[in-house]
Amino acid sequence: MNNILPHPDRKFFISWLVCFVVMYGLSYAWHGIVLNDFIKISYPKDLFLLIAGLVYFVIALLITVLTYMFKRIKDSFKYGAFIGAGAGILIYSIAFLFGISFNAVIDPKLIAFDLAWQTFEQGFGGLVCAWV
């Protein structure tokens, strides 16, 4: 069992932190700058950013652990992207089921667009994690 799970070392923690910073930064740029979604939240922006940061920290840990588990497989670089993309689909699905969204209207085009963005965001985080 110990051969499958990653042994936390310096590279593991750096990969985790870089994955977190990339995904959180992409999320902030997308929702805060491009779409300006932060004006739609009804509670303090600082609280939202703190909770989002904690969630992204856990997501980055999940992606890093899974990427390190597949590290021995040939082309682990692409596995990082696939693991991240899968995490993005899973996280978007959970958020959608709980009704967590910046949009009050459910439009299939917006759902597809948001799902694509979340998949890209986490996929890119996984790609960076595998690269580091």
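Structure shown above.
Model, not experiment: these values are computed from the prediction.

## With respect to the overall build of the protein
Secondary structure assignment for the protein yields four helices and zero strands. Burial statistics for the protein: of 132 residues in total, 33% are counted as buried. When the accessible area of the protein is evaluated, it comes to approximately 8400 Å², of which 73% is carbon and sulfur surface.

## Some points on empty space enclosed by the protein
To find leftover empty space, a probe the size of one water molecule is rolled over the atoms. Under the criterion given, the structure shown has one cavity of 30 Å³ or more. Here the largest cavity is characterised by a volume of approximately 40 Å³. Forming the walls of the largest cavity are Tyr24, Ser27, Tyr28, Phe38, Phe48, Leu49 and Ala52. Counting only elements with at least two residues in the lining of the largest cavity, the list comes to helix H1 (10–34) and helix H2 (45–69).

## Details of H1
For H1, with 25 residues, the first-to-last C-alpha span of 34 Å sits near the 36 Å given by 1.5 Å per residue. All of the buried residues in H1 are Phe12, Ser15, Trp16, Cys19, Phe20, Val22, Met23, Ser27, Trp30, His31 and Gly32. Buried-residue contacts for H1 involve H2 and helix H4 (108–131). Positive backbone phi, approximately 55°, marks Asn36, located one or two places after H1.

## A few points about H4
Look at H4: 34 Å from first C-alpha to last across 24 residues, which is about the 34 Å you get at 1.5 Å a residue. Every buried residue of H4 is accounted for by Asp114, Trp117, Gln118, Thr119, Glu121, Gln122, Gly123, Gly125, Gly126, Val128 and Cys129.

## Some remarks on the nonpolar core
Within the largest apolar cluster, 13 residues are counted, with the highest numbers of intra-cluster contacts made by Cys19, Met23, Tyr56, Ile59, Ala60 and Ile63. Contributing elements (two or more residues each) for this core: H1, H2 and helix H3 (76–97). Setting aside residues no more than four positions away along its own chain, Ala60 makes contact with Trp16, Cys19, Phe20 and Met23. Formed by five residues, the second largest nonpolar core is a distinct cluster that contains Phe38, Ile41, Phe48 and Leu49.

## Overview of the pattern of salt bridges
Inspection of the entire model under this criterion finds one salt bridge. Across the salt bridge formed by Asp37 and Lys40, the nearest N and O atoms sit 3.5 Å from each other.

## Here we look at the environment of Phe124
Relative to the helices and strands, Phe124 resides in helix H4. For Phe124, a relative accessible area of 33% gives the class partly exposed. Once the C-alpha coordinates of Phe124 and Leu26 are considered, the two residues, 98 residues apart in sequence, prove to be 9.3 Å apart. Not counting the four nearest positions on each side in its chain, Phe124 is found in contact with Val22 and Leu26.

## Some points on the packing of H1 against H2
Where H1 contacts H2, the two axes come as close as 8 Å, and the packing angle between them is 135°. As judged from the angle between their axes, H1 and H2 are oblique. Crossing handedness for the pair H1 and H2: right-handed. Its residues assigned to classes, the contact of H1 with H2 comprises 18 nonpolar, four polar and two charged.

## Some thoughts on the state of the cysteines
In this structure the tally under the stated criterion is zero disulfides. In this model Cys129 remains outside any disulfide bridge; the closest cysteine sulfur is found in Cys19, 5.0 Å from its own. On the basis of relative accessibility, which here comes to 2%, the residue Cys129 falls in the buried class.

The rules we used
Along each chain, numbering runs from 1 in the same order as the chain's sequence is written. Since the coordinates come from a predicted model, pLDDT governs what is reported: local features require at least 70, and pairs of side-chain atoms require 80 or more to be given and counted, while whole-chain, interface and lining totals use all residues. To get the side-chain values, take all heavy atoms of the structure and skip hydrogens and water. Under the scheme used here, helices are H or I runs from DSSP no shorter than 4 residues and strands are E runs no shorter than 2 residues, and both carry numbers assigned from the N terminus. Only protein chains enter the calculation, and the probe is 1.4 Å; a residue is then buried if its accessible area is under 20% of its type maximum, exposed if over 50%, and partly exposed in between. Residue burial considers only the protein chains on display, and all accessible areas are found by Shrake-Rupley using a 1.4 Å probe. Using a 1 Å grid laid over the protein atoms alone, points where a 1.4 Å probe fits but cannot get out form a cavity; open sets with protein on both sides within 12 Å along at least 5 of 7 lines form a pocket; any residue with an atom within 4 Å of a point counts as lining. Grid points are joined across faces, edges and corners, and a volume is the space filled by probe spheres set on the points. How far a helix is expected to stretch is found by multiplying one less than its residue total by 1.5 Å. We call two residues contacting when some pair of their heavy atoms lies within 4.5 Å. Side-chain atoms within 4.5 Å link the members of a nonpolar core, which is a set of buried Ala, Val, Leu, Ile, Met, Phe, Trp, Tyr and Cys residues. Basic side-chain nitrogens of Lys or Arg form a salt bridge, by our definition, when they fall within 4 Å of a carboxyl oxygen of Asp or Glu. Here, axes are lines fitted to C-alpha atoms. For helices the fit covers the stretch in contact, and angles between N-to-C directions go from 0 to 180 degrees. Our angle categories are set so that under 35 degrees counts as roughly parallel, over 145 as roughly antiparallel, 65 to 115 as roughly perpendicular, and the remainder as oblique. For a crossing to be left-handed, the near helix must be turned anticlockwise from the far one by less than a right angle; the clockwise case is right-handed. Classification convention: Asp, Glu, Lys, Arg as charged; Ala, Val, Leu, Ile, Met, Phe, Trp, Tyr, Cys, Pro as nonpolar; all other residues, Gly among them, as polar. Disulfides are defined as pairs of cysteine sulfur atoms found within 2.5 Å of each other.

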